[in-house]
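# Tertiary structure, described
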Amino acid sequence: MTIAKKKSSTQIVKKSNTTSRRKPARVKTLYSQDELKEIFRRFSIQRPEPKGELEHSNPFTLVVAVALSAQATDVGVNRATRGLFAIADTPQKMLELGEERLIGYIKTIGLYRNKAKNVIALSQMLIDDFGGEVPRTREELIKLPGVGRKTANVVMSMAFGVPTLAVDTHVFRIANRLCLAPGKTPDEVEDRLVRIIPDDYLFHAHHWLILHGRYCCKARKPECERCVIADLCKSPEKTCDIPAPLVELPAQLTGE
C-alpha cells in the first residue's frame, strides 16, 4: 500500500541528486564495482518493484507503523494496525482516540505501553510543530518521539520517494554476513552501503536487502540453493556456488 508513485530507480536518484552527496572515500568491501552492479541487477530482475510489507495509507500511518515495528514482526504490526488505522489515520484522530484506547489495539505488539506513549506524543508534535503533516527531512523526522534514523529513512523513501537506506536487523545481518559492507553499528553499515551501492539501484536497495534476508539468506540458516547471487557471494557461511534461476518472483502480498 505504498503511497509513493512508482518511478524508475534512475529517475528518483537523478531527481534527488544523490550522486553529488556521495562521499568518494574508499569503503571496505570484498566486491568489485562490477560485482556490486551484477548483484543489484539480479535483485532488480527478481523483484522489479520491491515494497515494504507494513500496511499504511498515508505518511502518518507509515510513521506509526514503522515506529511500532521495532522488535516486532511486520505481520504482527499489520494485524494490530488494520483496526487502528480504520479509525485513526491522522494525528488528530489518534489524539482523540487516546493512549488507553490505543493500547487496546496494539497490546499484542512488544513494548506496547511505551510505543503507545510515543505515538500519542508524536501525534501531538505533528499538530503543534508541523501543522498536522509528516515532515520530509531526516532532521525533522527524528525529532518525533519514537522515531530514530531507521524509521526516518523508511518514511523518506516510502512516503516521499527519497533514496535512502534504512538498516534494520535484516540489512545489518546481510551486510556483515556477505562481507558486503561490514560494520559494528547500523549507522556504520548504512554509511558504507550508501557509498558502494550503484546509484541506479539505491532507491530499491533497502527493500531488496530486507527481502533477501527475510526469505532467502535467513538468520538461522541461509538457503543458499535458492540464492540468485550464490556465485558472487563471498560469505564464509555459504554452502552453494551455483546461483538459483534468475526469474521474476510473484508479486508481493502485504499483510500475510
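The coordinates are above.
Notes on the structure in this doc start here. Worth saying up front: this structure is predicted, and the values here are computed from it rather than measured. (Residues numbered from 1 in each chain as written. Predicted model: local features only at pLDDT ≥ 70, side-chain atom pairs only at ≥ 80, totals over all residues. Heavy atoms only, no water.)

## Details of the overall build of the protein chain
Heads up, the condition is: Here a strand is any run of E in DSSP of at least two residues, a helix any run of H or I of at least four, and the numbering for each starts at the N terminus. Each residue is assigned to one of three classes by its accessible area relative to the maximum for its type, calculated with a 1.4 Å probe on protein chains only: buried under 20%, partly exposed between the two thresholds, exposed over 50%. Contacts are assigned to residue pairs that have any heavy atoms within 4.5 Å of one another.
Helix and strand content of the protein chain: 13 helices and 0 strands. From first element to last, N terminus to C terminus, the protein chain shows the α and β order α-α-α-α-α-α-α-α-α-α-α-α-α. Counting all 256 residues of the protein chain, 50% fall into the buried class. Counting only contacts in the protein chain whose residues sit at least 6 apart along the sequence, the fraction spanning at least 24 positions is 65%.

## A closer look at the packing of helix α7 (residues 99–106) against helix α8 (residues 112–130)
Inclusion rule: Axis definition: a line fitted to C-alpha atoms, limited for helices to the stretch in contact. Angles are taken between N-to-C directions and run from 0 to 180 degrees. Comment on the angle field: the value is read as roughly parallel under 35 degrees, roughly antiparallel over 145, roughly perpendicular from 65 to 115, and oblique elsewhere. Take the far helix as the reference: if the near one is turned anticlockwise from it by less than a right angle, the crossing is left-handed, and if turned clockwise, right-handed.
Where α7 meets α8, the axes come as close as 9 Å, and the angle between the chain directions of the two elements is 130°. In terms of axis orientation, α7 runs oblique to α8. For α7 against α8, the interelement crossing comes out right-handed. Where α7 approaches α8, its residues Glu99, Leu102, Ile103 and Ile106 are matched on the opposing element by Tyr112, Arg113, Lys115, Ala116, Lys117, Val119 and Ile120.

## Focus on the packing of aromatic side chains
The criterion, for reference: What counts as a ring pair is set by centres within 6.5 Å for rings of Phe, Tyr and Trp (its six-membered ring), and what kind of pair is set by the plane angle: stacked under 30 degrees, edge-to-face over 60, tilted for all other angles. Only when the NZ atom of a Lys or the CZ atom of an Arg is both within 6 Å of the ring centre and within 35 degrees of the ring normal do we say a charge sits over the ring.
Per the counting criterion, the structure on display carries 3 aromatic pairs. Between Phe40 and Phe43 the ring centres are 5.8 Å apart and the planes differ by 85°, which places this aromatic pair in the edge-to-face class. In this pair, Phe40 and Phe43 are both assigned in helix α3 (residues 33–46), 3 residues apart and thus about one turn of the helix distant. You can call Phe40 buried: its relative accessible area is 0%. Where Phe40 meets Trp208, the ring centres are 6.5 Å apart and the plane angle is 45°; that geometry is what we call tilted. In this pair, Phe40 is assigned in helix α3 and Trp208 in helix α13 (residues 202–215), connecting sequence segments 168 residues apart. Classification of Trp208 by relative accessible area gives buried; the value is 3%. Through successive ring pairs, a cluster of aromatic residues spans Phe40, Phe43, Tyr201 and Trp208. A cation sits over an aromatic face here: Lys234 above Tyr31, 5.3 Å from the ring centre.

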